[in-house]
Amino acid sequence: MLLPSSLTVVTVTFALAGALLAAEPEWPRFRGANGAGVVPGANLPAEWKKENFLWKIKLPGIGHGSIAVAGERLFLLCAHPETHERRVVAVRATDGQILWQKAFRPGKFKGHRFNSPASTTPAVDRERVYVTWGTQAELTVTALTHDGNQVWQADLGPIKGGHGFGASPMVHEDLVVINNDQNGASSLIALDKATGRKRWEIPRKSLRLSYSVPVVTTGGSLVFTNWQHGFTAVEPGSGRVLSESSVFNLKKKERAISSPVLAGNLIIGTCGFTNEPKHAVAMKLEDGRLEEVWRIERNVPHIPCPIVVGKRVFLWEDKGIGTCLDHQTGKVIWRARIGGATYFGSPVSDGKKIFCVDTDGMVRCIAAADNFELLGTTDLGELCRSTPAIAHGNLYLRTLGHLMAVRGQ
């Protein structure tokens, strides 16, 4: 149902409003355009020092969600560490000034100690920013203008799952799409992005809360990943399931946390759980039917998403082992230890280099090449479980309590 707005605008600055109303999103969702995580035109430093930062600010709350970018505005979700009041925050990319922040009533978060009340990434289009968060009582989706005015809000029902909510939205054409797989009654949902009204819902059952964000194929279909259902291809206009293929291990309890990526005509997705075997599977959607092309089950990441650069797919395993493969055949080009503590964020790339941040806040940069090369390391000095964003030729990073920008070369 649609809920009335009962929110508080804490700080609002409208200086750039007119110029930004129709801003073209540069990083429109978790991991940018179609979740690829790659901006080939950027040229980022492999490592940096204090003088390379454009700015660094303290955020009005904590969180692990990433950043979405439209025009000169960065959007992210924060939460009060005790009351769990959520705040959608807009930051000016040029100098780090908080342009506005909108606070929402507290909703108690219950989840894994490595999760947070603000672990989702907003999605943006030319007019609005869309944000999700979940509690045991409700899954909230809200839409705001780029200036912080609320357009609509919807409650999609309670969230069941001990690890807590973390599924980010995505915008496709005139839809806001959400993976609502949880423990028990679940669904895939599309809302009208202008009104928040439900356009379609695909009911199904799941045994594990999922966090993956769908990917759009070259033919325009949406593909979701889930432990039990495997890969699900959906026609976005009607919500009709085109094909579904269960390819993961149903004998072990697994969870789809990372999001699938596109590699030419293939969709690559992963699934697994902690110390159990994990799977990276490449599927082809042809004539409305999903078909497995290749898979690997060694040093596959549980949480970080795959990244495709050129003809290679790179897997950045949670404990710091990297694997480079031919993305059409799954042939291993190299496998090497990158190093670092546990990784919860996913890698991003400027087309020549790949960056990922471990939980200690150490950024490691490797070459996106057929030979392994560690190009640089930078210490952010704070816990980090989020994924960087690339826009305006710069790198934007969110730690537990800070946001910072690194100048591109």
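Residues numbered from 1 in each chain as written. Predicted model: local features only at pLDDT ≥ 70, side-chain atom pairs only at ≥ 80, totals over all residues. Heavy atoms only, no water.

Trainee: What is the right way to look at the packing of aromatic side chains in this model?
Mentor: Geometrically, a pair of aromatic rings is defined through the distance of the ring centres and the angle of the planes. Summed over all chains, the structure comprises nine aromatic pairs. A centroid spacing of 4.9 Å and a plane angle of 65 degrees characterise the contact between Phe104 and Trp133, whose relative ring orientation is edge-to-face. Here Phe104, found in strand β7 (residues 98-104), pairs with Trp133, found in strand β9 (residues 128-134); they are 29 residues apart in sequence, far enough to count as distant. Under the relative-accessibility criterion, Trp133 is labelled buried at 7%. Judged by centre distance (6.2 Å) and plane angle (55 degrees), the ring pair of Phe314 and Trp334 falls under tilted. Linking Phe314 in strand β25 (residues 312-316) with Trp334 in strand β27 (residues 332-337), this pair joins segments that are 20 residues apart in sequence. For Trp334, a relative accessible area of 9% gives the class buried. Grouping aromatic residues by their ring pairs yields a cluster made of Phe314, Trp334 and Phe372. Above the face of the Phe344 ring, Arg385 is positioned so that its terminal group lies 5.5 Å from the ring centre. (Phe/Tyr/Trp six-rings, centres within 6.5 Å; stacked < 30°, edge-to-face > 60°. Helix = DSSP H or I, 4+ residues; strand = E, 2+ residues; numbered from the N terminus. Buried < 20%, exposed > 50% of the residue type's maximum accessible area, 1.4 Å probe, protein only. Lys NZ or Arg CZ within 6 Å of the ring centre and 35° of its normal.)

Trainee: Please clarify how the sheet that holds strand β29 (residues 353-357) should be interpreted in this entry.
Mentor: The strand order β28-β29-β30-β31 describes an open sheet built from four strands, whose pairing is antiparallel. Among the strands making up the open sheet, the edge pair consists of β28 (348-349) and β31 (374-379). Relative to β31, strand β30 (residues 362-367) runs antiparallel, the two being bridged by five bridges. The residue bridging Val363 from the neighbouring strand is Thr378, located in β31. (Pairing = 2+ DSSP bridges.)

Trainee: What's the story with the pairing of strand β17 (residues 222-226) in this structure? I'm lost.
Mentor: Taken residue by residue, a regular strand's side chains alternate between the two faces of the sheet. When you tally the buried positions in β17, you get five out of five residues, the bulk of the element. Here β17 shows two buried faces, one formed by Leu222, Phe224 and Asn226 and the other by Val223 and Thr225. Taken together, the two bridges between strand β16 (residues 215-216) and β17 define a ladder with antiparallel strand orientation. Note that in β17 the partner of Val215 across the bridge is Val223.

Trainee: How should I be thinking about the sheet that holds strand β21 (residues 266-271) in this particular structure?
Mentor: Within a beta sheet, neighbouring strands are joined by backbone hydrogen bonds and run either parallel or antiparallel to one another. Strand order in this open sheet of four strands is β20-β21-β22-β23, and the pairing throughout is antiparallel. Every other strand in the sheet has two partners, leaving β20 (261-263) and β23 (289-296) as the edge strands with one partner each. The mean inter-strand angle of the sheet, taken between neighbouring strand axes irrespective of direction, is 35 degrees. Pairing between β20 and β21: three bridges, direction antiparallel. Within β21, the residue paired with Val261 across the bridge is Ile268. (Axes fitted to C-alpha atoms, helices over the stretch in contact; angles between N-to-C directions.)

Trainee: Where do I start with the pattern of salt bridges in this structure?
Mentor: Proximity of charged atoms lets side chains of opposite charge pair with each other. Under the counting rule described, the total for this entry stands at 17 salt bridges. Lys193 is the partner of Asp125 in a salt bridge, and the nearest nitrogen-oxygen pair spans 3.2 Å. Here Asp125, found in the loop between β8 (123-124) and β9, pairs with Lys193, found in the loop between β14 (184-192) and β15 (198-206); they are 68 residues apart in sequence, far enough to count as distant. One exposure class covers both Asp125 and Lys193, and it is buried. The closest approach of N and O atoms between Asp358 and Arg364, which form a salt bridge, is 3.1 Å. (Salt bridge = Lys/Arg side-chain N within 4 Å of Asp/Glu carboxyl O.)

Trainee: Sorry if this is basic, but what is going on with the environment of Asn299 here?
Mentor: Positionally, Asn299 belongs in the loop between β23 and β24 (307-309). For the pair Asn299 and His402, spaced 103 residues apart in sequence, the C-alpha separation works out to 31 Å. Polar contacts involving the side chain of Asn299 include one to the side chain of Arg298, which spans 3.4 Å. A polar atom in the side chain of Asn299 sits 3.2 Å from the side chain of Arg335. (Polar contact = N/O pair within 3.5 Å; in protein donor to acceptor, adjacent residues only side chain to side chain.)

Trainee: I'm lost on the nonpolar core in this one. Help?
Mentor: Nonpolar side chains in soluble globular proteins tend to end up buried together. Counting residues in each nonpolar core, the largest one holds 33 residues, and the members touching the most others are Leu74, Leu395, Tyr396, Leu397 and Leu403. Of the residues forming this core, the biggest block, four residues, is contributed by strand β34 (residues 402-406). When near neighbours in sequence (up to four residues on either side) are disregarded, Leu395 contacts Leu44, Trp48, Val348, Phe355, Pro388, Ala389, Ile390, Met404, Ala405 and Val406. (Core = buried A, V, L, I, M, F, W, Y, C linked by side-chain atoms within 4.5 Å. Contact = heavy atoms within 4.5 Å.)

Trainee: Help me understand the confidence of the model for the protein chain, please; the structure alone is not making it clear to me.
Mentor: Should pLDDT be low for a region, the predicted coordinates there are not to be read in detail. Of the residues in the protein chain, 92% reach a pLDDT of 70 or more, and the chain-wide mean stands at 91. Low pLDDT (under 50) marks residues 1-22, which in the prediction has 51 contacts with non-local residues, meaning those over four places away or in another chain. (pLDDT = per-residue confidence, 0-100.)

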